[in-house]
Amino acid sequence: MTVEQNVLQPGGAAKHQQTFLNQLREITGINDIQVLQQALKDSNGNLELAVAFLTAKNAKVPQVEEATYYQTALPGNDRYISVGSQADTNVIDLTGDDKDDLQRAIALSLEESNRAFRETGITDEEQAISRVLEASIAENKASLKRTHPEVWSDSPNPYDRKRQDNCPVGLKNVGNTCWFSAVIQSLFNLLEFRRLVLNFNPPANAQDLPRNQKEHRNLPFMRELRYLFALLVGSKRKYVDPSRAVEILKDAFKSNDSQQQDVSEFTHKLLDWLEDAFQIKAEEERDGEKPKNPMVELFYGRFLAVGVLEGKKFENTEMFGQYPLQVNGFKDLHECLEAAMIEGEIESLHSENSAKSGQEHWFTELPPVLTFELSRFEFNQALGRPEKIHNKLEFPPILYLDRYMHKNREITRIKRDEIKRLKEYLTVLQQRLERYLSYGSGPKRFPLVDVLQYALEFASSKPVCTSPVDDLGASAPASSTLPAQTSPSTIEQQGPSSSDVPSTSPVQRSVIHKPFTQSRIPPDLPMHPAPRHITEEELSVLEGCLHRWRTEVENDTRDLQESISRIHRTIELMYSDKTMVQVPYRLHAVLVHEGQANAGHYWAYIYDHHQNRWMKYNDISVTKSTWEELERDSFGGYRNASAYCLMYINDKEQYLIQEEFNKETGQILVGMDTLPSDLRDYVKEDNKRFEKELEEWDAELAQKAQQEKLLSQIPRAPAPSPAPVQAGEPEYLEQPSRTDISKHLKEDSVQAINKALAEQEDRAPEAIMDTAIKLEYTRLLKLAQEDPPPECDYRLRHAIVYFIQNQAPKKIIERTLLEQFGDHNLSFDERCRNIMKVAQAKLEMIKPDEVNMEEYERWHQDYRNFRETTMFLMVGLEFFQKKSYMEALLYLIYAYQNNKELLSKGPYRGHDEELISHYRRECLLKLNEHAAALFESGDDQEVNNGLIIMNELIVPCLPLLLVDEMEEKDIVAVEDMRNRWCSYLGQEMEPNLQEKLTDFLPKLLDCSTEIKGFNDPPKLPSYSTHELCERYARIMLSLSRTPADGR
C-alpha cells in the first residue's frame, strides 16, 4: 500500500537498481536518493564498494533533502506509492574500521533478506510487523502467569468494568498493543468504514477458493475484526479484549525476532489486509465489469508527477495511500505539503534544454479519507540509532487542499511565485528593520531610537559640579579616622605646610603618588554625564536635530514594521480567495506518540462529529477532551508527545460520518440496531456472560454480608482497654474544632482582661470587656503587620491574624473576638465570668442581617484548613528529613493540594507553594531512584517491590505534576523519571525483566493529566497552638532551603 517509487527513473531496469538502493538505505541509514545513486554509480553497481564508500570516514554526505523519493515497486503492481520514507530502525553498526567485518555485515544482510524472501515469500515489512505482533501476544500470555498485578490487569469488581450509559468502549492493552488500539479506534469511529467492516460477508465459495497465504490470513482477520467492531458498538463492558484479532495477525507471519515496530507500518499493512479481503469479495460479485474495492475507493488517491530528468520532461500518474511528510525544518502542515509536492530545481520545468532535474506533484484525485504520516523519526548516524524529532508542527482542524490540485496548478504556480517574491522582499525589509533595532558597530547594539533619545538626554543635561572630596566626605567615615585620604588637589592648592615638609611619615608619603600629574583628579567633576561646554545656540540646534532624527527613525521603524505585517498578512491570505477554499478536509483523528524512538505510548484524539467535541482514546480509558489538550499533546515541542499520523476526511462527503437510517421508518439506527443479525447475536451472548459476572459478584457480596451479620451476633469477650498514649508522642485524632482551639486562647484573653483592669478606672464588666477587646485586637493587628522570620508564622497563633492579613470583613473579626471573650473557658473566676457573660449577651444581640453566618463559617473553615495544611506540610517535612520518603510523599501531596485550593482564594491564605512543590518533587525523584535501583538489582522480589513503588506511588502522582504547565521544574522532573526508565530499553536484560519493563512503561509514559483518586488523607496529630508553632519553627529552621512565609 505504501511501496515507494521514484518517478524520475523510467524503464524496467529501475527495479533492479532500486533494490540495491533500498538495501543501501537499510544498511547505512542514509535517505538521500542522490547520495545513494552516486555511490552506486561510483562503485559500478558493486554494493559492497558502495557501502564502503558511504561509510568511509572521509565520505562527504550532503544535507539530506527534506523529502526523498525512491522506488521499490512490487512486480507487476503500479498501484502502490509513497513519496518518502524514514530510516529503518534495524540498522547494522558499520562505524568500525574493519573492512572484513563490514563486508561480512553486508553479505549477511543481503543473504538473510534474499533467503527469507525465497523461503517464505514474505517481505521484510511483513516480517517486521510479525515481530511486534508476536512480542505483544507473548507478553499477553506471560502476563497470565504472573501473580503480581500488572498495569492492565482487570479489576475483580465487574462493576468497575461496566460501560456507563452510551460512553464509547475502550480497548484493553493486551501487552504493548496501545498502537493497535489507537489505529483501530480511529478507523472504527469513521462510520462509513465501520459499516463496511460490519456488513462484510465472507465469499460464499470461500471453502472452494485456493487457500493461499493471503486468504488464510485476511478472511479470519476480517471475521475477528467484525466481532471486535460489534463489541465496540453494543458491549455492556467498559472495554473489550482484542486478543483474538491480534492473535490472527501474529499467526499470519513466522519470525523468531522481536523488536519495537513503527506503528505506521502496522497501519499500512492493516489496510493492505483489509483491501485484499474486500478484493476477494469484489471479484466474486463482479458481473463482467472491473471489480470495485471499497477500501481503495475510501483510502486511495492519485497524483500527477510532472518533472524534468536530465533535460527531458515527463509526466506520470500514480496512486497513493498514506502520504508521508517530513517534519524537520517546517512549522506547519502546509509547509510540509509544499516541500513534499516539489522536488529539485522546479524552475527547469518551464525552461527548454535544461540539464537540471526536478518534479512537482499535483493531486488529480483525493481520497475521501486522507491520511498524512508525519516522519518524526530519523537515523542518527553518529549514535547508530534512530531518534525522535520533537519539533513543534502545527496543523489546522480544517485543511484546504485546493492549492495542491492539478486543476489549480497554473494559479498555484502564480501564487507560489508571488509568495516567493514577497518573501524575498520581506527578507530585505527585515534586514533594514534590524539595522534600526540593532544599531552600532561594536559587539553591543541598541535600538537607534533609544540611542538618539540617550544623546538628546545627554545634550539637555546641565552639569552640576562638585568636589570629589565632598563625595568622599558624604560617603566615607569621619576624617579623623582616614588621615591618608586627603585630596591631592587640596594639598597642591594649599602648598606644603611647615609640619608637612620635614615629615617622613609613611602615611603622608602615601598621599602623593608619582608621577603626581597622573593621579591628579579634576577639581570639578559633574555628578552625572553632561556637556562641559555648549552654548544655548548649539544646544538649540542639536536638540532640534535629535528631535527631528528621532521622529524620522520612529516613523521609518513603524513603516517597516507595518510593511512587514502587511506582507505576512498577504502571504497568509494568498490562498483564502473563494476559488482556493473549495476542497475542505476536516481533521477526524490524531494518533499521538509519547516517548522516544525506541519506546513509547500511543493514544488517539478522535472528533465526535455529532457531539462536536474531541474524545481521547487511551486504551481502556475514553474521556472527553478539548482542542487545547490536543494541541498540547499533538503539536510537539512540549514534553515528548507529538502526532505521528493525521487523518482528514472530505468535509463535503457527509456519508463518511452519517448515521444509518431505517429504510422503512426513517429513524436513525443506533447501537445494536446497526448490527447484522449474526453480530447482534454474538454481542448479546457476550453481554449475557458479563451480566452473569455481575450477578455472581452481587451474590458473593450478599454471601459475605450474611456471614458478617452472623459473626456479629456471636457474643465476644470484652476488649482490653487501650494503652495510654506515651508522653511526648502526639495522639492521632480528628482536628480540633473552633471551640477546641479557643481553649488555647484562654491565656491571651486573661492577659488582655488584666491589662484592661489596670488601665480602666471604671470597673463595670462591659467597660472592662470593651477595653480588653481593643487591647487584644491591637496586639493581633501588630502581629499581622510584622514581617517575622520564616520560622515564625503568626497566623498559626490566632485566627484574627489570618483574617486581618486576608482582609476579612470587619464584622467577622468583631464576632470572632466576642466569641473569644465569651468562651466558657473564662468561667474559672468571678471577674472573668462576668466579662464572659457580657460577651455572650452581646453575641445574642447580634441580628442575623448584621453578620452573614455562612460567610462567617466559611472564614473559620478556611482557617481550620490552613492549620490542617500546615500540619500536613510539617509532618511531611519531618518524614522527609528522616529519609522516610514514602510516608513523606502522601503528606506533602495533601499539603500541596490543600494549599493550592487556599491560595486560589488569596495570596496570604496558604504557605509558599514553591516550597511544598520542591519537597514533593524531591520525594518523587528519590523514590524513583530507589525503585530504579531495585529494578537494576535483578532480584525478583526487589524488582517487584520497585515496580510496586512506581505503580502505587509515583505513577498516580505524575498527573499532579503535569496538570500545571507553568511548573517547569515539575515537568522536567517527570521527564527525568521517564527517561531513566526508557534508558533500560537499549540494555541487555533477562527476558522476565524485559516483560515487566514493557508492561510498566506505557503507564509511566501516559501523558494524561487526569488525576486519579488517592487514599484517604493520613491521620494528623492533635497539637495545641503552642505545640504547633514550636514544631513548625523547629522544622523550618532545620531546612537548608529557607522558605517564604506564604506572603
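Residues numbered from 1 in each chain as written. Predicted model: local features only at pLDDT ≥ 70, side-chain atom pairs only at ≥ 80, totals over all residues. Heavy atoms only, no water.

The chain is annotated in an unreviewed UniProt entry as Ubiquitin carboxyl-terminal hydrolase 25 from Falco tinnunculus. The record in UniProt for the chain states the following under Catalytic activity (unreviewed entry): "Thiol-dependent hydrolysis of ester, thioester, amide, peptide and isopeptide bonds formed by the C-terminal Gly of ubiquitin (a 76-residue protein attached to proteins as an intracellular targeting signal)." (UniProt positions renumbered as here; feature names shortened; annotations may be inferred.)

(A) Just the overall build of the chain, in detail. Regarding its fold elements, the chain presents 33 helices and 18 strands. Sequence separation of 24 or more characterises 75% of the internal contacts of the chain that already satisfy a separation of 6 or more. (Helix = DSSP H or I, 4+ residues; strand = E, 2+ residues; numbered from the N terminus. Contact = heavy atoms within 4.5 Å.)

(B) How the structure looks around the side chain of Glu360. The residue Glu360 is located in strand E7 (residues 358–365) in this model. At 3.1 Å, the side chain of Glu360 forms a polar contact with the side chain of Trp362. (Polar contact = N/O pair within 3.5 Å; in protein donor to acceptor, adjacent residues only side chain to side chain.)

(C) Representation of the nonpolar core. Ranked by size, the top nonpolar core spans 96 residues in total, and within it Ile753, Phe803 and Trp981 carry the most contacts. Here Ile753 is in contact with Ile768, Ala772, Phe821, Leu826, Arg831, Cys832 and Ile835, once residues within four sequence places are set aside. Ranked by size, the runner-up nonpolar core spans 63 residues in total, among them Val183, Leu196, Tyr300 and Val369. (Core = buried A, V, L, I, M, F, W, Y, C linked by side-chain atoms within 4.5 Å. Buried < 20%, exposed > 50% of the residue type's maximum accessible area, 1.4 Å probe, protein only.)

(D) Focus on helix H33 (residues 1025–1038). If you check H33, its first and last C-alpha atoms are 20 Å apart, about what 14 residues at 1.5 Å a residue would give, namely 20 Å. When H33 is considered as a whole, its buried residues turn out to be Thr1025, Leu1028, Cys1029, Tyr1032, Ala1033, Ile1035 and Met1036. (Expected span 1.5 Å × (residues − 1).)

(E) Structural detail: the UniProt feature "coiled-coil region" (unreviewed entry) in the chain. The feature "coiled-coil region" (unreviewed entry), as given by UniProt, occupies residues 680–707 in the numbering adopted here. The span residues 680–707 shows a helical share of 100% and a strand share of 0%, and its end C-alpha atoms are spaced 41 Å apart.

(F) The arrangement of the pairing of strand E8 (residues 369–375) in detail. With seven of seven residues buried, E8 lies mostly within the body of the structure. Residues Val369, Thr371, Glu373 and Ser375 line one face of E8 and the alternating positions Leu370, Phe372 and Leu374 line the opposite face, and both faces are buried. Strand direction decides the pairing type here: strand E5 (residues 323–326) and E8, joined by four bridges, are parallel. The residue bridging Gln326 from the neighbouring strand is Ser375, located in E8. Across five bridges, E8 lies against strand E18 (residues 641–650) in antiparallel orientation. Note that in E18 the partner of Phe372 across the bridge is Leu646. (Pairing = 2+ DSSP bridges.)

(G) Up close: the packing of aromatic side chains. What the rule picks out here adds up to 32 aromatic pairs. On the numbers, 6.4 Å between centres and 90° between planes, the contact of Phe395 with Trp627 is edge-to-face. One end of the pair, Phe395, is in the loop between strand E10 (385–388) and strand E11 (398–400); the other, Trp627, is in helix H19 (residues 627–634), with 232 residues separating them in the sequence. One exposure class covers both Phe395 and Trp627, and it is buried. Ring centres of Trp627 and Phe635 lie 6.3 Å apart, and the angle between their planes is 80°; this geometry places the pair in the edge-to-face category. (Phe/Tyr/Trp six-rings, centres within 6.5 Å; stacked < 30°, edge-to-face > 60°.)

(H) The arrangement of a negative patch on the surface in detail. On the surface, a cluster of negative charge is contributed by Glu552, Asp556, Asp559 and Glu562. Tracing the sequence through the fold places Glu552 in helix H18 (residues 536–572). Look at Glu552 and you get partly exposed, because its relative accessible area is 39%. (Patch = residues over 30% accessible without salt bridge, like charges linked within 9 Å, V, L, I, M, F, W, Y side chains within 5 Å. Areas by Shrake-Rupley, 256 points an atom, 1.4 Å probe, with all protein chains shown as cover. Salt bridge = Lys/Arg side-chain N within 4 Å of Asp/Glu carboxyl O. Lys, Arg positive; Asp, Glu negative; His and termini not counted. Charge placed at Lys NZ, Arg CZ, Asp CG, Glu CD.)

(I) Highlighting the pairing of strand E17 (residues 621–625). For strand E16 (residues 613–618) and E17, the ladder comprises five bridges, and the chain directions are antiparallel. Of the residues in E17, the one forming a bridge with Asn618 is Ser621. Counting the residues in the hairpin turn of E16 and E17 gives two residues, including Asp619, whose phi is positive at 60°.

(J) How the structure looks around unusual backbone geometry. Of note in the backbone geometry, Asp619 takes a positive phi value of approximately 60° without being a glycine. With a phi close to 65°, Lys883 is a non-glycine residue in the positive phi region. Checked against the element boundaries, Lys883 lands in the loop between helix H27 (853–881) and helix H28 (885–903). On the accessibility criterion, Lys883 (62% relative accessible area) is exposed.

(K) Region of interest: the side chain of Ser235. Mapped onto the elements, Ser235 comes out in the loop between helix H8 (213–234) and strand E2 (239–240). The class of Ser235 is buried, set by a relative accessible area of 2%. With residues near it in sequence (within four places) discarded, Ser235 still touches Arg163, Val169, Ala230, Val240, Val683, Asp686 and Asn687.

(L) A look at the packing of helix H29 (residues 913–937) against helix H31 (residues 968–982). Relative orientation of the contacting elements H29 and H31 amounts to 0°, with a least axis distance of 10 Å. Considering their axes alone, H29 and H31 lie roughly parallel with respect to each other. For the pair H29 and H31, contact is made by Glu914, Ser917, Arg920, Arg921, Leu924, Leu925, Asn928, Glu929, Ala931, Ala932, Phe935 and Glu936 and by Lys969, Asp970, Ala973, Met977, Arg980 and Trp981, respectively. When the residues that make up the contact of H29 with H31 are grouped by side-chain class, the tally is eight nonpolar, two polar and eight charged. (Axes fitted to C-alpha atoms, helices over the stretch in contact; angles between N-to-C directions. Parallel < 35°, antiparallel > 145°, perpendicular 65-115°, else oblique. Nonpolar A, V, L, I, M, F, W, Y, C, P; charged D, E, K, R; others polar.)

(M) Just the pattern of salt bridges, in detail. Tallied over the entire structure, the rule returns 40 salt bridges. Between Arg632 and Asp633 there is a salt bridge; the shortest N-O distance is 3.3 Å. Of the two residues examined, Arg632 and Asp633, each falls in the buried class. A single network of salt bridges, built from pairs that share partners, joins Arg161, Arg237, Asp686, Arg689 and Glu693.

(N) Representation of the packing of helix H22 (residues 746–759) against helix H26 (residues 830–845) in the model. Interaxial distance between H22 and H26 falls to 11 Å at its minimum, and their mutual angle equals 100°. Accordingly, the angle class assigned to the pair H22 and H26 is roughly perpendicular. Every residue of H26 that contacts H22 at Ile753, Asn754 and Leu757 is listed here: Arg831, Cys832 and Ile835. Per-class residue counts for the contact of H22 with H26 are four nonpolar, one polar and one charged.

(O) Spatial organisation of the confidence of the model for the chain. Residues at a pLDDT of 70 or more form 69% of the chain, whose mean pLDDT is 75. No element of the chain has a lower mean pLDDT than helix H16 (residues 488–494), at 41, and none a higher one than E11, at 94. Taken as a whole, residues 112–122 scores under 50 in pLDDT and shows 13 contacts with residues more than four places along the chain or in a different chain. Across residues 467–519 the pLDDT falls below 50, and counting only partners more than four positions away or on other chains, this stretch makes 26 contacts in the model. (pLDDT = per-residue confidence, 0-100.)

(P) Region of the structure containing H31. Across its 15 residues, H31 extends 21 Å between first and last C-alpha, which sits within 8% of the 21 Å expected from 1.5 Å per residue. The complete set of buried residues in H31 reads Asp970, Ile971, Ala973, Val974, Glu975, Met977, Arg978, Trp981 and Cys982. Contacts from the buried residues of H31 go to strand E14 (584–596), H29, helix H30 (940–962) and helix H32 (991–1004).

(Q) Highlighting a nonpolar patch on the surface. Side chains of Phe661, Ile668 and Val670 sit close together on the surface and give an oily, nonpolar patch of about 280 Å² of accessible area. Mapped onto the secondary structure, Val670 falls in the loop between E18 and helix H20 (677–712).

(R) Representation of the environment of Leu646 within the structure. Relative to the elements of secondary structure, Leu646 occurs in strand E18. Filtering out sequence-adjacent residues up to four positions away, Leu646 remains in contact with Leu333, Leu370, Thr371, Phe372, Leu374, Phe395, Leu587, Ala589 and Val590.

(S) Broad picture of the environment of Met989. For Met989, the position within the fold is in the loop between H31 and H32. Separated by 51 residues in sequence, Met989 and Gly938 have C-alpha atoms that sit 8.6 Å apart.

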